[in-house]
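This is what each chain is made of:
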Amino acid sequence: MSKNRLFFDQPKTRLIVSVELDTVEAIDRLIGPPYGSKHPAKGNRSEFVRLAIEEKLARDLADRQRLGAA
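Keep in mind it's a predicted model, so treat the numbers as computed, not measured.

## Notes on the overall build of the protein
Piece 1. The number of helices and strands found in the protein is 2 helices and 0 strands.
Piece 2. Judged by the C-alpha coordinates and their principal axes, the protein covers about 45 × 30 × 25 Å.
Piece 3. Across the 70 residues of the protein, 16% fall into the buried class.
Piece 4. Of the roughly 6,400 Å² of accessible surface on the protein, 58% is carried by carbon and sulfur atoms.

## Section: unusual backbone geometry
Among all residues save glycine, negative phi is the norm, and among peptide bonds the norm is trans.
Piece 1. The phi dihedral of lysine 42 is positive, around 45°, even though this residue is not glycine.
Piece 2. Mapping lysine 42 onto the fold places it in the loop between helix H1 (21-31) and helix H2 (45-69).

## Description of the pattern of salt bridges
Piece 1. All chains considered together, the criterion is met by 5 salt bridges.
Piece 2. A salt bridge links aspartate 28 to arginine 45, with the nearest nitrogen and oxygen atoms 2.7 Å apart. Note that aspartate 28 is positioned in helix H1 and arginine 45 in helix H2, a separation of 17 residues in sequence.
Piece 3. For arginine 45, a relative accessible area of 46% puts it in the partly exposed group.
Piece 4. Residue lysine 56 is joined to aspartate 60 by a salt bridge in which the shortest nitrogen-to-oxygen separation is 3.0 Å.

## A few points about the side chain of histidine 39
Piece 1. Within the fold, histidine 39 resides in the loop between H1 and H2.
Piece 2. On the basis of relative accessible area, histidine 39 is assigned to the buried category, the value being 17%.
Piece 3. Of note is the side chain of histidine 39, whose polar atom sits 2.9 Å from the backbone nitrogen of alanine 41.
Piece 4. Those residues in contact with histidine 39 that sit more than four places away from it in its chain are Leu30, Ile31 and Phe48.

Rules and cut-offs
Residues numbered from 1 in each chain as written. Predicted model: local features only at pLDDT ≥ 70, side-chain atom pairs only at ≥ 80, totals over all residues. Heavy atoms only, no water. Helix = DSSP H or I, 4+ residues; strand = E, 2+ residues; numbered from the N terminus. Buried < 20%, exposed > 50% of the residue type's maximum accessible area, 1.4 Å probe, protein only. Areas by Shrake-Rupley, 256 points an atom, 1.4 Å probe, with all protein chains shown as cover. Salt bridge = Lys/Arg side-chain N within 4 Å of Asp/Glu carboxyl O. Polar contact = N/O pair within 3.5 Å; in protein donor to acceptor, adjacent residues only side chain to side chain. Contact = heavy atoms within 4.5 Å.

Interpretation note: all reported values are geometric properties and have no functional meaning in isolation.
Structure representation (structure tokens):
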């Protein structure tokens, strides 16, 4: 069974990114054993990146709304 979250009926596309080796190694340390079993991505780099993008978008949108309301 795939570790990726279900997308249900939402359309999806592939996004290819390039990052420094140090960044990949840091991700692997975070989501791999022994700590990975507690991380939502559970050893899946693409799921980690998807979650990171969603979290960053949520923060940026909240900042934009907060600044727009001020």
